[in-house]
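What the coordinates show
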Amino acid sequence: MPSKSFDTPFLATPDTLEIRQAEHPFSFLNSKDEKLNALIVEAVNRMGGVGDDAEENYRRALNSLTKRGPSVLDVILAEYENLPEDSYLDRWSLVQLIVELRYPEAVKSLNRIIAARIPAEKFRKSHDMSTVAEEVMIRTTAVEGLVRLSADGVVEARDVLLKYAAHRTFSIRRACVQGLMQTGTDDDKRKLRRLLKERKEEALLKIKQVDVRSAPQPIGGRFVVPAQVKREAPPPDLRATKE
Amino acid sequence: MASCTYTVPDKAASGDNFYGAVICNQAYVDYFWNTYGFSGNKAYWDDGWGWDDCCNTSKPLARAFNGCYALTYSASDYLNDSYSAPILNWGRRYVRENIDDLRSFCGDGTAIARSKSGGLVEVYLGFFYSKDVPGRAETLIHESRHQGGKPHDANFPSGSVFGSGKSGADSSWDYEGAWMYGALYLWWYFAEGARTTSALRQRARQRGNLVIDNAFATHPGFSI
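The present account deals with the structure reproduced in this document.

Each value, and the rule that gives it
Residues numbered from 1 in each chain as written. Chains lettered and ligands numbered in written order. Predicted model: local features only at pLDDT ≥ 70, side-chain atom pairs only at ≥ 80, totals over all residues. Helix = DSSP H or I, 4+ residues; strand = E, 2+ residues; numbered from the N terminus. Buried ≥ 20, exposed ≤ 12 C-beta atoms within 10 Å, placed from the backbone. Contact = placed C-beta atoms within 7 Å. Pairing = 2+ DSSP bridges. Core = buried A, V, L, I, M, F, W, Y, C linked by C-beta atoms within 7 Å. Domains from an automatic or database assignment.

**Some thoughts on the overall build of chain A**
Along the backbone of chain A there are 9 helices and 2 strands. Helices (α) and strands (β) of chain A occur, in sequence order from the N terminus, as β-α-α-α-α-α-α-α-α-α-β. Counting every position in chain A, which comprises 243 residues, the buried fraction comes to 39%. Sequence separation of at least 24 residues holds for 61% of the intrachain contacts in chain A that already meet a minimum separation of 6.

Structure follows, in structure tokens:
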């Protein structure tokens, strides 16, 4: 139970916040096709869906976009490159969109995204905020796109995975190595092993993708609250009501 | 007292658009407020932080509630919060039992959140505006683990995105520290997260792998 009275009168002065609402994050400077632009916005919007039909709605939005063919890649990449550097989540969402569309023609775009220099860390004093971490997640997502294309038999995707198995960032190297070992040909794997031996990084081969059920789990229950104190959560699908 | 301003980013990919439409129900507002440490801390959620506008997902309180919704309902069998179930189930219980006070501050830009003594957790602007919705649930679990008695006990490994050699890492996965709890929660969210999309689950996977690769002095030897 709370150890204090509810909403105790406050003696000190708390922080105050003023928010500003940003315009739509996408500019579509390079695309005058308003229907296509709307499809991209809708697909990104549906990425963040919630509820029992969230995935279905997201898939429907992706299907509508897929019908426009691989020419959408140029629009998405241009949008990605026009976004401000610190719009990490918006940038990531466009990369995820390229990954989901699964066009073989996307190899060039994904290569370009991974190849881009990672800007220096902006939060040097922090242990939990990292702009480099955000940049790396964007690139490992692009690697995931290459892995899917490699699984589809796109040779160029495997070549790019092999190239970035020597990337300076550990997580990108690790993702490329795992992806190529899972989807590459015997020849790709031979080349990869040779590369890792030259770089003295064969330990990367020992990091295995595993199911969460086989990972060591923590032992919970050290701070158990008596059952009579527990209050059940309401069901997850109550209709929203305006306050 | 500090005053801060923030330009709210796009709410689409973060999940705030859709989660926001769901949490705007008094039953959820009451439950989250009374369960996850908001109660008694109205002053910290007022003055622009959303106390009087708790359905507005441009404001911090609604964005915190969105994280609480993900924390509470992302297991398909969410009513089972037994500690013998996956952390996706009992993460909410662990947060409930370890955070007494959840307070918002501007912060100095060097942290997403901090755990203080006596069940107090402070969350800063980055928690609301740079984290996606499941990422906020991860942060609450991470800070709860500090409240549960596990400080970071090692320096980040060479090449870590969090800064080679800096303090703030956990020594190993087996230490069962805050990074392990957060990564494992994201891992389960990726594997079995309910009422969400494959895109947000992929985002959880990328973040979980980033933590596994960079936040342990000794790499656990596996990935998601």
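That covers the picture; the talk isn't over yet.
**Here we look at the environment of Ser 144 of chain B**
Residue and element names in this part refer to chain B. Mapped onto the fold, Ser 144 is located in helix α6 (residues 133–147). Classification of Ser 144 as buried rests on a count of 28 C-beta atoms within 10 Å. Spatially, the C-alpha atoms of Ser 144 and Tyr 94 are 6.9 Å apart, while their sequence positions differ by 50 residues. Ser 144 has contacts with Tyr 94, Val 95, Asn 98 and Ile 99, leaving out every residue within four places of it along the chain.

**Some details on the interface of chain A and chain B**
Residue-level contacts link 79 residues of chain A with 93 residues of chain B. Elements that contribute at least two residues to the side of chain A that touches chain B include exactly β1 (16–21), α1 (34–47), α2 (54–66), α4 (88–101), α6 (131–151), α8 (170–183) and β2 (208–209) of chain A. Direction of pairing for β1 of chain A relative to strand β1 (residues 3–8) of chain B: parallel, over a ladder of 6 bridges. Of the residues in β1 of chain B, the one forming a bridge with Leu 17 of chain A is Cys 4 of chain B.

**Digging into the nonpolar core**
Membership of the largest hydrophobic core comes to 131 residues, with the highest contact counts inside it found for Leu 146 of chain A together with Phe 65 and Tyr 185 of chain B. In terms of residues, this core owes the most to one element, helix α7 (residues 178–192) of chain B, which gives 12 residues. Of the residues that make up this core, three or more belong to each of domain 1 (27–81) and domain 2 (102–118 + 130–209) of chain A. The contacts of Tyr 185 of chain B, once residues within four sequence positions are left out, are Ile 87, Leu 88, Gly 91, Ala 137, Glu 138 and Ile 141 of chain B.

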